[in-house]
Amino acid sequence: LKASKATTKATAAATQVNLLLSKMAQGDIQNKAQEVKNAASEKATELGNKASETAEQAKHTAQEKKEQASNKMQEMSNDASSTGQQKSNEAGSTLESAKNTVSEKATEAAN
């Protein structure tokens, strides 16, 4: 009978130890899960910040390229306008020269 009571007490004690170990393990698992969750959240925030930073840089780069293209277009337009004016002036000068030549030849022919 004493051995039976001792066995019962030992079994009850073992059950308590197992419950305690189980609760400790569960607590460890929950702590570890929280650590993983925190680390993942931190990494997601870091990646989000990096993406925002990259997008902002891309926006600035696009704006710079747009301004460069606009400036180049203006420069080319100014060059074309200047060249057109120069050609117009040359054509006017050539026309005036031709008129003078024709007038001279006509005068010579009349004399």
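Note: the structure precedes this text.
Residues numbered from 1 in each chain as written. Predicted model: local features only at pLDDT ≥ 70, side-chain atom pairs only at ≥ 80, totals over all residues. Heavy atoms only, no water.

Draft legend 1. The overall build of the chain, seen in detail. A count of helical and extended segments in the chain gives one helix and zero strands. Against the 2.2 N^0.38 benchmark of 13 Å for 111 residues, the chain shows a C-alpha radius of gyration of 47 Å, more extended than a compact globule. Oriented by its inertia axes, the alpha-carbon framework of the chain measures out at about 160 × 15 × 5 Å. Sorting the 111 residues of the chain into buried and exposed places 0% on the buried side. When the accessible area of the chain is evaluated, it comes to approximately 9800 Å², of which 56% is carbon and sulfur surface. Side-chain charges in the chain split into 15 positive and 14 negative, and the spacing between the mean points of these groups amounts to 25 Å. (Helix = DSSP H or I, 4+ residues; strand = E, 2+ residues; numbered from the N terminus. Rg over C-alpha atoms; globule rule 2.2 N^0.38 Å. Buried < 20%, exposed > 50% of the residue type's maximum accessible area, 1.4 Å probe, protein only. Areas by Shrake-Rupley, 256 points an atom, 1.4 Å probe, with all protein chains shown as cover. Lys, Arg positive; Asp, Glu negative; His and termini not counted. Charge placed at Lys NZ, Arg CZ, Asp CG, Glu CD.)

Draft legend 2. A nonpolar patch on the surface, seen in detail. There is a patch of nonpolar side chains on the surface, built from V17, L20, L21 and M24 and spanning about 390 Å² of accessible area. By the secondary structure assignment, V17 is in helix α1 (residues 2-110). (Patch = residues over 30% accessible without salt bridge, like charges linked within 9 Å, V, L, I, M, F, W, Y side chains within 5 Å. Salt bridge = Lys/Arg side-chain N within 4 Å of Asp/Glu carboxyl O.)

Draft legend 3. View of the pattern of salt bridges. Per the stated rule, a full pass over the model turns up four salt bridges. Salt-bridge contacts for K32 lead to E35; the nearest nitrogen and oxygen are separated by 3.8 Å. In this pair, K32 and E35 both sit in helix α1, three residues apart, roughly one turn of the helix. For K43, the salt bridge identified is with E46, shortest N-O distance 3.4 Å. With K43 and E46 both in helix α1, this residue pair falls three residues apart, about one helical turn. According to the relative accessible area criterion, K43 is partly exposed, its value standing at 43%. You can call E46 partly exposed: its relative accessible area is 42%.

Draft legend 4. Here's a closer look at the environment of T54. Positionally, T54 belongs in helix α1. With 16 residues separating them in the primary sequence, T54 and S70 have C-alpha atoms 24 Å apart.

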